[in-house]
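Listed below, chain by chain, are the residues.
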Amino acid sequence: GENGVGSRVVRVGTRRSQLARIQTDSVVGMLCELYPDLRFEIVAMSTTGDKILDTALSKIGEKNLFTKELENALERNEVDLVVHSLKDLPTSLPLGFTIGAVCKRENPLDAVVFHPKNCGKTLSLLPEKSVIGTSSLRRAAQLKMKFPQLEFRDIRGNLNTRLKKLDEKEDFSAVILAAAGLKRMGWENRIGQLLSPEDCLYAVGQGALAVEVRAKDQEILNMVSALHDTDTVLCCIAERAFMKRLEGGCSVPVAVNTVLKDGQLYLTGAVYSLDGSDSLKETMQTGVNYSQQNEDGPNDDVQHVGITAKNVPSQAQDAAENLGVELASLLLSKGAKHILSVARQLNDA
């Protein structure tokens, strides 16, 4: 092949869950179409986040819960690339790794799946004190403010497990999940309500798939870079830069909404206290309409918050990253640090 990988077998690492497998298969499918001469082999493994199911994600306290084992395999050369949900990847990757591709984003919104007995309802129509399952501090913080009559409780496990817990027990009236995951699993018909950004801003990177590779592995990096979707890359760089400047992670409620329209990138970002009573939210925009320059040379592989996107104009990437940093700085100047550190302390306690 002209990308230099030739006829070797390319090994693709993934988590074992059904959704992770579906996501990995979709990426491998795209690669097979682009490189019909290559053979791809999928290597599935369990991660810490898959094994610890009795603890809230935000309490386990590790940034790379769903990625560490996969990265270890990448480091030991047991796999050549790894497919992740971008929202699982920390904004600073371990040295020697990069995100070599960000695929076209699926719908990033959050969705409500109702217990069969509440079919046809919306959150506002549920009886008072109904229990809503979510493992996300971000979702809970926003929805507690919007629906104070409801109770929010932790629910863990992969998508299959969470839906089973919802359907087979009477503990939960509904659960909140990412629309993208439900759609990829073929369970779109279970979505009872899509939460608009007015109801609930989404997680950084939600709905996008990322391909992580060894930063020095030029062959594989060149191969996967064909999967980059320019609009998704720019939105996710802005979101990740916002998160990184705030030093947010799973243990604090940070949320975003990004729109790219007519060469303008609009980023809305917000931080919340755990109960949602205290929050800051702002929107900023920047122009990202740059054409690709011939940029061969030493700055060939510049990373923007962990993403290497050779085929996306670097000036546009710079603008997106600056937008995220500036929006976060604006929130910090208005007191975001205090809201987040209180949220972190309460969560740790």
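Residues numbered from 1 in each chain as written. Predicted model: local features only at pLDDT ≥ 70, side-chain atom pairs only at ≥ 80, totals over all residues. Heavy atoms only, no water.

A. Layout of the overall build of the protein chain. Counting its regular elements, the protein chain contains eleven helices and 13 strands. Considering the protein chain as a whole, with its 349 residues, one finds that 54% of them fall into the buried category. Just so you have it, the protein chain exposes about 15,300 Å², and 47% of that area is on carbon and sulfur atoms. (Helix = DSSP H or I, 4+ residues; strand = E, 2+ residues; numbered from the N terminus. Buried < 20%, exposed > 50% of the residue type's maximum accessible area, 1.4 Å probe, protein only. Areas by Shrake-Rupley, 256 points an atom, 1.4 Å probe, with all protein chains shown as cover.)

B. Local environment of the sheet that holds strand β5 (residues 110-114). Strand order in the open sheet formed by five strands is β7-β6-β8-β5-β9, and the pairing between neighbours is mixed. For this open sheet the edge positions go to β7 (151-153) and β9 (191-195), each flanked by a neighbour on one side alone. In this sheet, adjacent strand axes meet at a mean angle of 30° when their direction is disregarded. Those strands touched by helix α5 (residues 137-146) are β5, β7, β8 (174-178) and β9, and its axis lies near 125° from that of β8. The sheet strands contacting helix α6 (residues 159-168) are β5 and β8, and the helix crosses β8 at an angle near 165°. (Pairing = 2+ DSSP bridges. Axes fitted to C-alpha atoms, helices over the stretch in contact; angles between N-to-C directions. Contact = heavy atoms within 4.5 Å.)

C. Representation of the pattern of salt bridges. Counted by the stated rule, this structure contains 17 salt bridges. In this structure, lysine 164 and glutamate 168 form a salt bridge, with 3.5 Å as the shortest nitrogen-oxygen distance. With a gap of four residues between them, lysine 164 and glutamate 168 both fall in helix α6, about one helical turn apart. Note on glutamate 168: relative accessible area 58%, which makes it exposed. (Salt bridge = Lys/Arg side-chain N within 4 Å of Asp/Glu carboxyl O.)

D. Quick look at the packing of helix α9 (residues 230-246) against helix α10 (residues 314-333). Viewed as axis vectors pointing N to C, α9 and α10 meet at an angle of 35°, and their least axial separation amounts to 7 Å. Crossing geometry of α9 relative to α10 is assigned as right-handed. Residues Leu234, Ile237, Ala238, Ala241, Phe242, Arg245 and Leu246 of α9 touch α10, and the partners they reach there are Ala316, Gln317, Ala320, Glu321, Leu323, Gly324, Val325, Leu327, Ala328, Ser329, Leu331 and Leu332. Residues of the contact of α9 with α10, tallied by class, amount to 14 nonpolar, three polar and two charged. (Left-handed = near helix turned anticlockwise from the far one by under 90°. Nonpolar A, V, L, I, M, F, W, Y, C, P; charged D, E, K, R; others polar.)

E. Expanded view of the sheet that holds strand β11 (residues 254-261). The antiparallel open sheet is built from three strands, whose spatial order is β11-β12-β13. In this open sheet, the two strands that pair with only one neighbour each are β11 and β13 (279-287). Strand after strand, the sheet turns through a mean of 15° between neighbouring axes, direction not considered. Bridge count for strand β12 (residues 264-272) against β13 is nine bridges, and the pairing is antiparallel. Across the sheet, tyrosine 266 pairs through a bridge with glutamine 285, a residue of β13. Here helix α11 (residues 336-348) sits on the sheet in contact with β11, β12 and β13, set at roughly 50° to β12.

F. Inspection of α10 at higher detail. End to end, α10 covers 28 Å across 20 residues, agreeing with the expected 28 Å (1.5 Å per residue, within 8%). For α10, every residue scored as buried is listed here: Ala316, Gln317, Ala319, Ala320, Leu323, Gly324, Leu327, Ala328 and Leu331. Along the axis of α10, the buried residues cluster in a sector spanning 165°; they form a single face. Elements that come into contact with the buried residues of α10 comprise α9, β12, β13 and α11. Just downstream of α10 lies glycine 335, where phi reads positive at about 110°. (Expected span 1.5 Å × (residues − 1). Arc of directions from axis to C-beta.)

G. Fine view of the side chain of arginine 162. Position of arginine 162 relative to the elements: it lies in helix α6. Buried within the structure, arginine 162 lacks any salt-bridge partner; its nearest side chain of opposite charge belongs to aspartate 88, at an N-O separation of 8.7 Å. Setting aside residues no more than four positions away along its own chain, arginine 162 makes contact with Ser135, Ile155, Arg156, Gly157 and Leu177. (Lys, Arg positive; Asp, Glu negative; His and termini not counted.)

H. Spotlight on the pairing of β5. For β5, the tally of buried residues reaches five of five residues, placing the bulk of the element in the interior. Examined bridge by bridge, β5 and β8 share five bridges and lie antiparallel to one another. Paired with aspartate 110 across the two strands is alanine 178, which belongs to β8.

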